[in-house]
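# Summary of the model geometry
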Amino acid sequence: MKEQFYKDILDKSPVGYAYHKVLIDENNMPVDFVFLEVNEAFSRLTGLKRQETIGRKATEVLPGIEKRKPNWIKVYGELALSGAERDFEGYSNTFNAPYRAKAYCPEKGYFILIFVDASKEKSLEDEMAEFYEISPFEIYKFDRTGKIIGINSKAGRNSGYNRIELLDMNITDFLVSKDSVKNFERQVFSGSDKKEYNWEYPYLTKEGHTRYGRCTIVRQEDGNFVGFTNDVTDYYMSMQEEENIKQQYKKLFENLSSAAIIYDVKNDGKNAQDYIVADINKVGCKIENIRKKEVLGMNLKKFRPKVEEFGIIEKFCSVYETGKPIHFPPALYSDRKEKRYFENDIFKLNKTQIVALYRDVTQFMQEHAELDENRKMLDSYLQKAPYGIFVANAEGKYKDVNEEAQKMSGYSRAELLTMDVNSLQAPDTKIPGYKSFSMLKEKGAIEIEKDYIKKDGERRTWYLRAAKVNDDNYVGFFRDITAEKDHIMRCKLC
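Of all 7 residues in strand S10 (residues 225–231), 6 are buried, a share of seventy percent or more. The pairing of strand S6 (residues 138–142) with S10 spans 5 bridges and is classified as antiparallel. Following the sheet pairing, Phe142 is matched in S10 by Phe225. Connecting strand S9 (residues 210–219) to the next strand, S10, in antiparallel fashion are 5 residues, including Gly223 with a positive phi near 90°.

One full turn of an α-helix is made of 3.6 residues, so residues set three or four places apart face in the same direction. Along helix H13 (residues 313–322), the positions that sit buried rather than exposed are Ile313, Phe316, Cys317, Val319 and Tyr320. When H13 is viewed along its axis, its buried side chains cluster within an angular range of 165° and face the same direction. One or two positions beyond H13, positive phi appears at Gly323, with a value near 80°.

Another point: the packing of aromatic side chains. Each aromatic ring pair is characterised by the separation of its centres together with the angle its planes make. By the definition in use, this model includes 36 aromatic pairs. A ring pair is formed by Phe142 and Phe184, whose centres lie 6.4 Å apart and whose planes are at 45°; its orientation type is tilted. In this pair, Phe142 is assigned in strand S6 and Phe184 in helix H7 (residues 178–188), connecting sequence segments 42 residues apart. This pair shows no difference in class: Phe142 is buried, exactly as Phe184 is.

Before going further, it helps to examine the pattern of salt bridges. Enumeration over the complete set of coordinates arrives at 35 salt bridges. The closest approach of N and O atoms between Asp87 and Lys102, which form a salt bridge, is 2.7 Å. One end of the pair, Asp87, is in strand S3 (residues 85–92); the other, Lys102, is in strand S4 (residues 97–104), with 15 residues separating them in the sequence. Overall, the relative accessible area of 43% leaves Asp87 in the partly exposed class. On the accessibility criterion, Lys102 (10% relative accessible area) is buried. Across the pair Glu343 and Arg359 runs a salt bridge whose closest N-O atoms are separated by 3.6 Å. Note that Glu343 is positioned in strand S14 (residues 339–350) and Arg359 in strand S15 (residues 353–360), a separation of 16 residues in sequence. What makes Arg359 partly exposed here is its relative accessible area of 25%. Salt bridges linked by common partners bring Glu288, Arg304, Glu338, Arg340 and Asp360 together as one network.

Turning our eyes to something else, we now look at the nonpolar core. One finds Tyr263, Tyr275, Leu300, Phe316 and Ile354 to be the most contacted residues of the largest nonpolar core, which totals 29 residues. For this core, the elements supplying multiple residues, two or more each, are strand S11 (259–265), strand S12 (275–280), helix H11 (300–303), helix H12 (307–310), H13, strand S13 (326–334), S14 and S15. Sort the elements by how many residues they give to this core and H13 lands first, with 5 residues. Beyond its immediate chain neighbours, meaning those up to four positions away, Tyr275 contacts Tyr263, Asp264, Val265, Gly269, Met298, Asn299, Leu300, Ile313, Phe316, Cys317 and Ile354. Counting 25 residues, the second-largest nonpolar core is a separate cluster that includes Phe33, Val38, Ala84 and Ala101.

Calculation criteria
- Residues numbered from 1 in each chain as written.
- Predicted model: local features only at pLDDT ≥ 70, side-chain atom pairs only at ≥ 80, totals over all residues.
- Heavy atoms only, no water.
- Buried < 20%, exposed > 50% of the residue type's maximum accessible area, 1.4 Å probe, protein only.
- Helix = DSSP H or I, 4+ residues; strand = E, 2+ residues; numbered from the N terminus.
- Pairing = 2+ DSSP bridges.
- Arc of directions from axis to C-beta.
- Phe/Tyr/Trp six-rings, centres within 6.5 Å; stacked < 30°, edge-to-face > 60°.
- Salt bridge = Lys/Arg side-chain N within 4 Å of Asp/Glu carboxyl O.
- Core = buried A, V, L, I, M, F, W, Y, C linked by side-chain atoms within 4.5 Å.
- Contact = heavy atoms within 4.5 Å.

Right, dumping it as C-alpha cells:
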C-alpha cells in the first residue's frame, strides 16, 4: 500500500521524473540506457507516453540519440557508473523546450533524472524542494562538519525529534558509539572524490531506543551532503532473527549425536552424482575419518563409489520429490576400502537440499548376528536337553516348552501353551501348583518333588528345580523320577 501511495505522489508531482538503468558493453563502457519508471509529468513535458517508454532502450524511444551532441548516453552512463550528480539547463531540440534538470545516481549503474520546463516561473531549487517533500525518504542536508542545515517534513518521523531539534543537531548525534562516529567521519568527511556513500547503521531515537537505518549520502557540488534515509529496523530485526535461527540450527547440527550430511540436489536427483555434500557435522567427520573441507562439494558417487548397490539413492529421490521423511534400516555398504553397516533417516530440508542422519551400526549388527547365533545354539541345546523345560509368565501361564517337556507330559506344544502351573499336577498333591509358584516368586528359586498326571492319565513323579529369570519369566527344569522312587521302594521291601 505504501509503495502505491508514493507512486501516486510521484505521478501528481509537476516535476518530471525518470528512473533508468545503464547498459554497458564488454569494456564496461555505457552503450544505452533503459527507462525503468517515469511519471505523468515526464510524459507531459516530453510527449513520450509511459506505455511506449517503460522497459525500452533510449535508442528505441529516441532514435539517433547516440549520434547527438552532447552524447547523452555517455553523459548519463558515466554519471551512473561513477556515482556523481549533475545539474543541466538549456534548450532541448528533442523536446523543443527550455529545461532545467538534475541527474544523480541512487546506486551504481542507475540514474534518476528530474527536470522542469524552464519557461515556468518556479526555480529548479523550488522544484527540487518540492520533490524532496514528496520523497518517501527522510532527507537530511548537512555541511562538511556534519551540522544539519536542511530537512524535509518526513525527517524525524522515526527518531522522535522535531524540526527545531533536528536543525540544532549534528548528523553524527544519531550514531550509537564513538567508533561509529569515527567510522562515519572517516568515510564521508575524508576529503575523497567519492560522490556517493551507502551507509547502514544503528541509531538512537530521542527516547534512547536503538533502531536501524539505511542511508544513501550524496556529495553536492557546493561541498555539502544530502542523505536519503530509510528506517529498516523491522527488516534488520527479521534478518537478525533469521541469523539467530541459522546459528541455533548450525549449533544443533554440529552437536547431533548422529552423523549428519546435508546434500545440495542437482537435476532430478535420480543419480548419485546429483547429490553434492553441502555440509557434514563433527560426528560425520569422525565416522568417516575425514576433515570437513575435504568432502565439501564432493558428489555422493565420489564419496561412496558403491552407493547405488547400497540402495539408498531411490530413497533420497523419493524424499526430494515428495518431502516425506524415510527411515532406511541398517544395510551393508561395501566397496574396496570399507565394509560397514549404516542406518539412515532422510529428510527434506528445503527446495534444493536434503539431510541424511546416519549411524554406523556395524558393531551392533555384528553383535546382533553373534547373539542371534548364540540364541539359536542355546535354543537347540534347550530343545535337546534331557530335562523337561517349562517357561511361565508372572501369572503362571506357560509361554514356552521344549521337546522333552512334551514327551514327559504327552501333550503337544500348542496344548501346553494353553495351560498353567496347576494344570498337570495330581489333584491330591500336598503342595498345590499356585502355592509352589508363589514360593518361587518370593524366594527366586525352589526344588520340589510332585506327582503329575500325563495326558493318557498315567501318574508320574517329577523332580522340579525352578528359578526366577525376571518379573515375567520363570523357568522350571523337570526330571521324571518315577522309576527311581519305585526302585527305592522295592529295595525297602526286600
